[in-house]
Each structure stands twice: as C-alpha cells, then as structure tokens.
Amino acid sequence: MSAPADPTQRVAIGIAFGNSYSSIAYTTGDGKAEVIANEDGDRYIPSLLSYVDGEELHGGQAKGQLVRNPQNTAAYFRDFLGQEFSAIDPSPCHQSAHPVQHESGVAFSIRDTEDETPSTVTVDEATTRHLKRLRASASDYLGKDVNAAVMTVPTNFSDAQKEALRAAAKNANIEVLQFINEPTAAVLAYDARPGAQQADKIVVVADLGGTRSDISVLASRGGIYTMLATVHDYEVSGSKLDQVLMDHFAKEFIKKHKSAGDPREDARSLAKLRLECEAVKKALSIGTTANFSVESLIGGIDYTATINRTRYDLLGNKLFSAFTRLVTQAVEKADLDPLDISEIILAGGNSHTPKVASAVRSAFPDSTTVLAPSTSPTAINPSELPVRGAAIQASLIQEFELEDIEQSTHPMVTVTPHLTTAIGVLCISGDESSGVFHAIIDAETPLPVRRTATISTPQKGGDVLIKLTEGSRHIKVTKPEPKPKSDAKDDDDSDEDDSEDEAEELREKTWKVGKTLSEAAIRDVKKGGKVEVQINVGVDLSINAIFREVGAKGGVRGLVQGQKAQQNGGS
C-alpha cells in the first residue's frame, strides 16, 4: 500500500531517526506533541535490527542480541545512508555486524532468513525495515494507518543522504513531507509549548549524541530560524563516556581477579561490559549511585560493583570539558560572544547527566538560560526534543499538497537574505552631541521585514533629531583595580591573585553605533514625549522609515536606497 495522494487522507507523525536511537511522536487534538512508545514500552527505541533463525528482532530486543548474536545484528547504520563505502567510518560497528561494500555503497552480510547462507542487506534496506517497524508501532498506538512523516536529519546530512532516506521511507510506505534539521526541531519543540513567549533570541542547541557531538547556533527572529554555525565532533560522544566506565570497571575487575584476564579483550565480555556500563550511565543521570552487575563477565566469574556520581564525574571530566569547549567553539564560529546567547538547549540522551549541564553552565553568564533536566524545572526531556519538533511540524503541514510543501521548503524560499548588522535609532536633542542607540531590527533578521517601536525622547522635549543608524553588539570589559601586592608573597600567590582579578572582570553588552543611514528632525516634541518609529527593510536592503511623535499629526518619511543583502539563511 502506498501513501495517499489526497492530503486529507494522510496520517502524519514525527520521526527522529538517530544513529543510536529513534523516536516517534504525534500531535494531539489540543496541539501537544506526545512521544509514542513501541510494543515493548520503549519511547526511546534503539536503532537496531537483529535476526535469530529468520525472525526479525527490533529495538530493545535487538540490543540484547549484541552479546549473543552480534554478527547478525545491524547497528549504527543511519550515517551510512547515501554514502560510498570508501567514505564511511565503520568503527562504531565493531561490536555488531561489520559493514561491507556492495557495488559502491554499504551493506551488511547477515543471516536474515533460516537459510545458512548470509544475505547482503544494504543500509537502504536496513533503514526501510527499521522505518517499517516504527511505522507499525505508531499505527498500532494511534489505531490508524500512519502513511506520512516529517523526519529529522543532522545539519551535515547531504542531499544524497536525504534522497536515500526519502527512498527508504517510501519503501516503508511513508511519505516524507519534509526533512527538518535536528536543532531546528529542538527549538521548535520549546517554542511551540503552550504559553511559550515568542522572542528574538540566539539559541545554541548542544547534542551530546551516542556516536558524536553536534552543536548548532541559531538565530530566532520573528519565529524564523537561521543557522549561524555548526560544529561536529566524533571524538566527544556518549560512547566515549561508556568507554570511560568500561575501563574503570574492567580495571577494578582485574584487581580482584587477575588470573581471569581482561574482559575488554574478549568480544562477548566486551559486549556485556558495554551494555551494563550504558545502563550504569543512565542510572547515574537520575540517582547518586548505581550498581554494576554482570553474570559471567569472563571465565565464568560474576562481577558486581558500585559507583557514585562524584566518581563518574571525575572519570568523565575530560569529556565534559571537551563538550563545553565545542559549545564555546560554535559560538566563536558564529562570531558571537557568550553574552549574546539567550538560551542553550541540551539535547540527546547524554544530556540527562547533570555534569554535562553544569559544565556548560559554568562557561556562560547568568543571563544565558541552560535548558536541561538538572538546571531547569521546565526542561523538556532531551531525548525527545527532535521528535516532538518533527511531530509539531507534521501537524502544521500534513494537509498541504506535497507540491506546495516542496515549494515552501525550497532553498529559494528558506535561504533568504538576512541583515548582517542591527538597525536602530538615536534620539538627539538640540544641545546633545549623541544619544542612546535603540536597536529596532536585530542582526540576522530575514528580509523583508517590518518593525515598529516607540522610543522615549530626551526628557525636556523640543526639537529632536532622529538618526537611523546601523549598530553592532560590543562586549565592554571592565577590569577591576589591581590589588596591592605584598613583597612577602611568593610568585605562586601572585599568580593566584592575578587569576582572581581576571575572574572578576565585568563583561557587559553594549552597542557600537555604525554608519548613519538617514536623519530626520521632528520639531516641538512635547516634554517627556515619545516618537514612534516604523522601519521597513526590503530584500534589496532598501529602507523605508517613518518617524512621528506619538499623539501628534503627520510625520517624517525617509527612503534609503539598498544594496545587495547577505545570503545567510537556513532551514
């Protein structure tokens, strides 16, 4: 059965297809996104397929086969879609079926039937099978035949990968209405909450994923999201945190049972160690201690141990610090300062770890809100953010014609001209040489745009000069007065004093006024009066501005001829 041509017959959901885990969600009648649990009760479904005597196991059931049946278990295949075999990194698949070359693409050689001869299952086919199971779980839950979806993809997913995913979904009888970037979906999940206030802001979405970290910096202007910078790192990931715990428990085991050997050097023992350490990591996200227990870890020896969160935080400290550096690196890549960041959204299952949030929190000022379970009581489950955003988007577009959706998401529409600097006004009275800059349209705002603001004029009134100018954010650093140093102090103490002084630096955002675009004089403004400013900026950067005193008749209009705007958009 294929997806219906009639949009009114669509039943659309959101699908977040991750390299490690996948999620499915729908939007209720009152507009709330709800994550769907599969038949095993899992809302966070492992992206795995395993085959035992021809029977297909999926999700959590397949994960259990990584110990008993790894050669017939396909895992971590999302990123292989649409790629040539020579371009992939197969290292995440060391404890599962190894990828092999099929024509120029990627496949797995697994026994997916009762036949003794292995079959060649391409990553496209594995993806189709995985999506079929997700679709079936959603259909069973909703009691309707799900046939369409909005799917999330990483920001660095190529067009070839998207097309391969679209084809695999089509073979699973899922019509892909739209691909939405994972960080955009995460921001949408927050902005679409009941009672959420829309505001212009700069947001960082930091995803500490299972196989890599993805950091994105977005500008939200009038409900339109623009990608400013992205950073990806495969060396900082949840699997690396698992490895830290594996090394810890393996060393503790060797101390007690030297003759048994190293469990990391036996494939079956290593798989047991990895699965239990992932469970320990999850337990430490919600509790202060966790038990490690594996039956017959190696040489028939059962092993049990405990670990507390403080010890885990110390073991993973290098990775937590590295993740924080990636976040600050992304901010620098966007030519921004930490003070410019309004919110940091922590996404991905590993963001449940309190130390992840506290490490990021320490690198940003108090004015930046960090949205994670351990730092905000209103935080959404980080594991569910992308799929919730996808479900919300699906509910908004599911009744549109596919051609209309394709046109509205075409790069000609989504990659729009943006302002590179803010535009605002200075209000100057007769005897003043300068005024205070009032930003009206912020940088990174998509064009065309119209904004209206009411500005207080100098208190005494009279003739007021309005200057329409460009403005750029500037970080003002105020250093404290150096403390008097005692001769008795040694060099080490002096170094400590220096570092304390640096820590006490006061950093604040100010505006640096740039080029004047136009000027207008408003005569005889009442004492304590206000001026209404309306600015219209076209796609060619032409500016039509209107200035009028609030409550007075008439006004002054100015027109500035535009130049070519910067293309700085993203979907």
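These figures come from a predicted structure and were not determined experimentally. (Residues numbered from 1 in each chain as written. Predicted model: local features only at pLDDT ≥ 70, side-chain atom pairs only at ≥ 80, totals over all residues. Heavy atoms only, no water.)

### Digging into the packing of aromatic side chains
Counted under the stated rule, the structure contains 9 aromatic pairs. A ring pair is formed by Tyr 21 and Tyr 44, whose centres lie 4.4 Å apart and whose planes are at 5°; its orientation type is stacked. Taken together, the residues Tyr 21 in strand E2 (residues 21-27) and Tyr 44 in the loop between strand E3 (33-36) and strand E4 (45-46) connect sequence positions 23 residues apart. Under the relative-accessibility criterion, Tyr 21 is labelled buried at 14%. (Phe/Tyr/Trp six-rings, centres within 6.5 Å; stacked < 30°, edge-to-face > 60°. Helix = DSSP H or I, 4+ residues; strand = E, 2+ residues; numbered from the N terminus. Buried < 20%, exposed > 50% of the residue type's maximum accessible area, 1.4 Å probe, protein only.)

### Here's the deal with the confidence of the model for the chain
Atom-level detail of predicted coordinates should not be read off regions where pLDDT is low. Model confidence for the chain is summarised by a mean pLDDT of 87, while 90% of its residues fall at 70 or above. A low-confidence stretch, residues 496-501 stays under pLDDT 50, and its non-local contacts, those more than four residues away or across chains, total 6 contacts. Of the regions scoring below 50 in pLDDT, residues 564-571 engages in 33 contacts with residues more than four places distant in sequence or in other chains. (pLDDT = per-residue confidence, 0-100. Contact = heavy atoms within 4.5 Å.)

### Quick word on the pattern of salt bridges
Tallied over the full model, the rule gives 28 salt bridges. Salt-bridge contacts for Lys 63 lead to Glu 278; the nearest nitrogen and oxygen are separated by 2.8 Å. Remark: Glu 278 occurs in helix H7 (residues 267-286) and Lys 63 occurs in helix H1 (residues 60-63); sequence separation between them is 215 residues. For the pair formed by Lys 63 and Glu 278, the shared burial category is buried. The shortest N-O distance in the salt bridge between Asp 79 and Arg 212 comes to 3.7 Å. Note that Asp 79 is positioned in the loop between strand E7 (73-75) and strand E8 (99-102) and Arg 212 in the loop between strand E13 (201-208) and strand E14 (213-221), a separation of 133 residues in sequence. As far as burial versus exposure is concerned, Asp 79 and Arg 212 are alike and both buried. Three or more residues are tied together by salt bridges with common partners; here these are Arg 78, Asp 79, Glu 182, Arg 212 and Asp 214. (Salt bridge = Lys/Arg side-chain N within 4 Å of Asp/Glu carboxyl O.)

### Digging into the nonpolar core
Ile 215, Phe 249, Phe 292, Phe 323 and Leu 346 are the most contacted members of the largest nonpolar core, which has 51 residues in total. Among the elements that make up this core, the one with the highest residue count is helix H9 (residues 317-333) (8 residues). Here this core gathers at least three residues from each of two domains, domain 2 (200-234 + 320-381) and domain 3 (238-314). The contact partners of Phe 323, leaving out residues within four places of it in the chain, are Ala 206, Asp 207, Leu 208, Ser 213, Ile 215, Val 236, Leu 346, Val 356 and Val 360. Membership of the second largest hydrophobic core comes to 38 residues, among which are Ile 13, Ile 45, Ala 97 and Val 121. (Core = buried A, V, L, I, M, F, W, Y, C linked by side-chain atoms within 4.5 Å. Domains from an automatic or database assignment.)

### Remarks on the environment of Gly 238
Residue position: Gly 238 is located in helix H6 (residues 238-256). Using a relative accessible area of 2% as the deciding quantity, one classes Gly 238 as buried. Spatially, the C-alpha atom of Gly 238 lies 6.4 Å from that of Thr 211, the residues being 27 residues apart in sequence. Contacts of Gly 238, omitting those with residues within four sequence positions, involve Leu 208, Gly 209, Gly 210, Lys 281 and Asn 350.

### As for the side chain of Thr 128
Looking at the secondary structure, you find Thr 128 in helix H3 (residues 123-142). Excluding residues within four positions of it along the chain, Thr 128 makes contact with Ala 168, Asn 171 and Ala 172.

### Here we look at the sheet that holds strand E5 (residues 48-52)
Here we have 3 strands laid out as an open sheet, ordered E6-E5-E7, and antiparallel in their pairing. Edge positions in the sheet fall to strand E6 (55-58) and E7, since each of these pairs with one other strand and no more. Ignoring strand direction, the axes of neighbouring strands in this sheet form an average angle of 20°. Contacting E5 and E6, H3 crosses the sheet at an angle of about 70° to E6. (Pairing = 2+ DSSP bridges. Axes fitted to C-alpha atoms, helices over the stretch in contact; angles between N-to-C directions.)

### Looking at the side chain of Ser 518
With respect to the helices and strands, the residue Ser 518 is situated in strand E25 (residues 506-525). Ser 518 sits in the buried class, given a relative accessible area of 15%.

### Considering helix H10 (residues 354-362)
Residues Pro 354, Val 356, Ala 357, Ala 359 and Val 360 constitute the buried set of H10. In the core, the buried residues of H10 are packed alongside E13, H7, helix H8 (309-315), H9, strand E18 (343-347) and strand E19 (369-371).

### Thoughts on the sheet that holds strand E22 (residues 437-441)
The strand order across the open sheet formed by 4 strands is E22-E21-E24-E25, and the pairing between neighbours is antiparallel. For this open sheet the edge positions go to E22 and E25, each flanked by a neighbour on one side alone. Within the sheet, the average angular offset between the axes of one strand and its neighbour, ignoring direction, is 35°. With 4 bridges joining them, strand E21 (residues 422-429) and E22 adopt antiparallel strand pairing. Looking at the pairing, Leu 426 lines up with Phe 437 of E22.

### Re unusual backbone geometry
Within the chain, Tyr 76 stands out as a residue other than glycine whose phi angle is a positive 55°. In this structure, Tyr 76 sits in the loop between E7 and E8. A positive phi angle, near 60°, is found at Asp 335, a position not held by glycine. Among the residues examined, Asp 335 registers a relative accessible area of 71% and is labelled exposed.

### Here we look at the environment of Lys 530
Inspection of the secondary structure puts Lys 530 in strand E26 (residues 530-537). Distance in space between the C-alpha atoms of Lys 530 and Ser 456 is 4.6 Å, their sequence separation being 74 residues. Setting aside residues up to four positions removed in sequence, Lys 530 forms contacts with Thr 454, Ile 455, Ser 456, Thr 457, Arg 548, Glu 549 and Val 550.

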